[in-house]
Amino acid sequence: MDTAVKQPPVPDTAQPPGAYRNLAMATIGFALTFWAWNLIAPMSGDYKDRLGLSSFQQSLLVAVPVLVGSLGRIPVGALTDKYGARLMFPLISALTVVPVLLLIPAKDSYGAMLVVGFLLGLGGTTFAIGIPLVNSWFPPSERGLALGVFGMGMGGVALSGYFTPRIAEHGHNLPFLVVAGALVVYAALAAVLVSDRPGRQVPAGTLARRLAAAGRLRVTWELSALYAIGFGGIVAFGVYLPTYLKTWYDLSPTDAGTKSAGFALVTVVFRPIGGWLSDRFHPALVSSAALGVAALMAIVQAFDPKLMPGGTIALLIMAAGLGAASGSVFALVSQVTPQAKVGSVTGIVGAMGGLGGFVPPLVMGAIYSEKGSYSIGFMLLSDLALAGCVYAYGRMRNIPRDA
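Residues numbered from 1 in each chain as written. Predicted model: local features only at pLDDT ≥ 70, side-chain atom pairs only at ≥ 80, totals over all residues. Heavy atoms only, no water.

Undergrad: Summarise the nonpolar core; cite the residues concerned and give the values.
TA: If you look at the biggest cluster of nonpolar residues, it comprises 108 residues, and the most contacted ones within it are Val100, Phe237, Met318 and Phe378. Non-local contacts of Met318, meaning those with residues more than four positions away in its chain, are made with Phe237, Ala294, Met297, Ala298, Gln301, Phe378 and Leu381. (Core = buried A, V, L, I, M, F, W, Y, C linked by side-chain atoms within 4.5 Å. Buried < 20%, exposed > 50% of the residue type's maximum accessible area, 1.4 Å probe, protein only. Contact = heavy atoms within 4.5 Å.)

Undergrad: Can you explain the environment of Ile299? Please cite residues and give values.
TA: Following the sequence through the fold, Ile299 ends up in helix α13 (residues 283-302). The spacing of Ile299 and Ala314 is 15 residues in sequence and 9.1 Å in space, taken between C-alpha atoms. Sequence-distant contacts of Ile299, that is, excluding residues within four places in its chain, are made with Met379 and Ser382. (Helix = DSSP H or I, 4+ residues; strand = E, 2+ residues; numbered from the N terminus.)

Undergrad: Which residues make up helix α3 (residues 55-83), and what are the values?
TA: With 29 residues, α3 extends 42 Å from end C-alpha to end C-alpha; this agrees with the ideal 42 Å at 1.5 Å per step. At Ala63, α3 shows its maximal bend, which comes to roughly 35°, and the proline Pro65 appears one to four places after that position. Gly84 occupies a position one or two residues after α3 and carries a positive phi of about 90°. (Expected span 1.5 Å × (residues − 1). Bend = angle between axes of the 7 residues up to and from the residue.)

Undergrad: Give a detailed account of the packing of aromatic side chains, specifying residues and quantitative values.
TA: Taken as a whole and judged by the stated rule, the model has 9 aromatic pairs. A ring pair is formed by Tyr20 and Phe138, whose centres lie 5.6 Å apart and whose planes are at 80°; its orientation type is edge-to-face. Linking Tyr20 in helix α1 (residues 19-37) with Phe138 in the loop between α6 (127-137) and α7 (143-151), this pair joins segments that are 118 residues apart in sequence. Centroid distance Phe127 to Tyr227: 5.8 Å. Interplanar angle 20°. Geometry classified as stacked. One end of the pair, Phe127, is in helix α6; the other, Tyr227, is in helix α11 (residues 218-248), and 100 residues separate them in sequence. Judged by its relative accessible area of 0%, Phe127 is buried. Among the aromatic side chains, those forming a connected cluster through ring pairs are Phe30, Phe34, Trp37, Phe127, Phe150 and Tyr227. (Phe/Tyr/Trp six-rings, centres within 6.5 Å; stacked < 30°, edge-to-face > 60°.)

Undergrad: Describe in detail the packing of α3 against α6, supporting the description with residues and values.
TA: Packing of α3 against α6 leaves a shortest axis separation of 8 Å and a crossing angle of 35°. Where α3 crosses over α6, the handedness of that crossing is right-handed. Across the interface between the two elements, Arg73, Val76, Gly77, Thr80 and Asp81 of α3 pack against Phe127, Ala128, Ile129 and Pro132 of α6. Residue composition of the contact of α3 with α6, by class: 5 nonpolar, 2 polar and 2 charged. (Axes fitted to C-alpha atoms, helices over the stretch in contact; angles between N-to-C directions. Left-handed = near helix turned anticlockwise from the far one by under 90°. Nonpolar A, V, L, I, M, F, W, Y, C, P; charged D, E, K, R; others polar.)

Below you can see the structure in the form of structure tokens.
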């Protein structure tokens with residue numbers, strides 16, 4: 001059986017010195033690496049025109065980093081349990097610089113872009129580093145809000161959607177150079193400013209044994225399913241919404257990126273709101289309500305309303321629901337997971353969330369190529385969100401808040 005070094009329990013009191021510094025550093029690092037992770041999506045229309053890609057090929061190009069970044073969270077989360085965020089945050093941030101710069105020579109080859117997109121997935125793994133770091137620094141009664149604030153780092157998707165095409169107007173390679181430079185600076189600062197909680201629990205045993213122990217927890221897979229819907233929906237729209245708006249509503253790449261950034265910004269704002277509500281109500285109830293709202297708005301969008309105002313309102317309310325659900329699910333993770341396994345469980349749950357974002361862009365692209373419509377894709381999203389709403393209320397609300 002997996003064992004861990006026993007440490008005194010963390011009292012449910014005020015945060016120790018360093019908590020907010022680590023929260024700020026984790027959130028900034030998460031945002032920067034997520035910007036890097038999402039560099040291809042805002043430029044996908046340009047790649048499609050330049051390389052003569054089909055809708056499915058374009059979808060695959062933006063989805064590959066999502067897949068790799070999602071699966072990579074599993075080992076990265078387990079390694080964070082073992083070696084700590086002080087090592088993992090600067091290391092992963094520095095390594096992400098490599099594929100960001102490789103996007104420059106790869107831009108004229110679809111095969112090379114797929115390979116670099118595979119490597120770019122590394123940037124999506126920092127989620128599994130930040131969650132156990134923040135979780136360890138804050139008492140249980142305040143973890144929902146703290147984890148929600150950290151989750152705002154997924155606003156890196158919004159930063160990418162808004163700034164990447166605008167920076168590219170001044171030089172096609174400039175966005176990659178800017179992001180690479182920012183990552184180098186952050187990695188250097190993180191090596192100095194990120195610190196693990198004194199006395200943190202360090203698990204014993206091999207990586208495989210620790211992942212197996214996390215995988216044997218039923219709640220790991222229940223949380224994974226909910227997060228695959230909530231966060232998966234956010235990731236899916238983050239990478240595919242520019243394509244959807246450009247194709248269906250005939251927007252320019254810049255306008256599509258701007259509106260996609262607005263969608264991402266709403267998810268960023270509502271993630272800590274979901275965490276804050278989960279500190280006051282059972283997180284499963286918050287998740288159920290949020291997913292119910294997202295399901296309703298997906299149905300509205302399936303009927304292809306005009307972008308202004310109907311489509312914009314539906315998409316933004318959907319973003320609010322998905323953002324709140326993402327925050328509440330990880331508030332639940334912090335309540336029901338042993339501290340020494342938070343990284344491993346986070347890796348698995350985060351991976352499933354990312355995989356939830358990998359499939360929809362492929363499905364949407366394939367359906368549009370075959371049927372010339374996105375309605376079926378939105379109805380599928382509504383079905384999944386409704387299923388999550390029912391399961392969160394019917395089963396997850398029965399899990400004690402302090403299990």
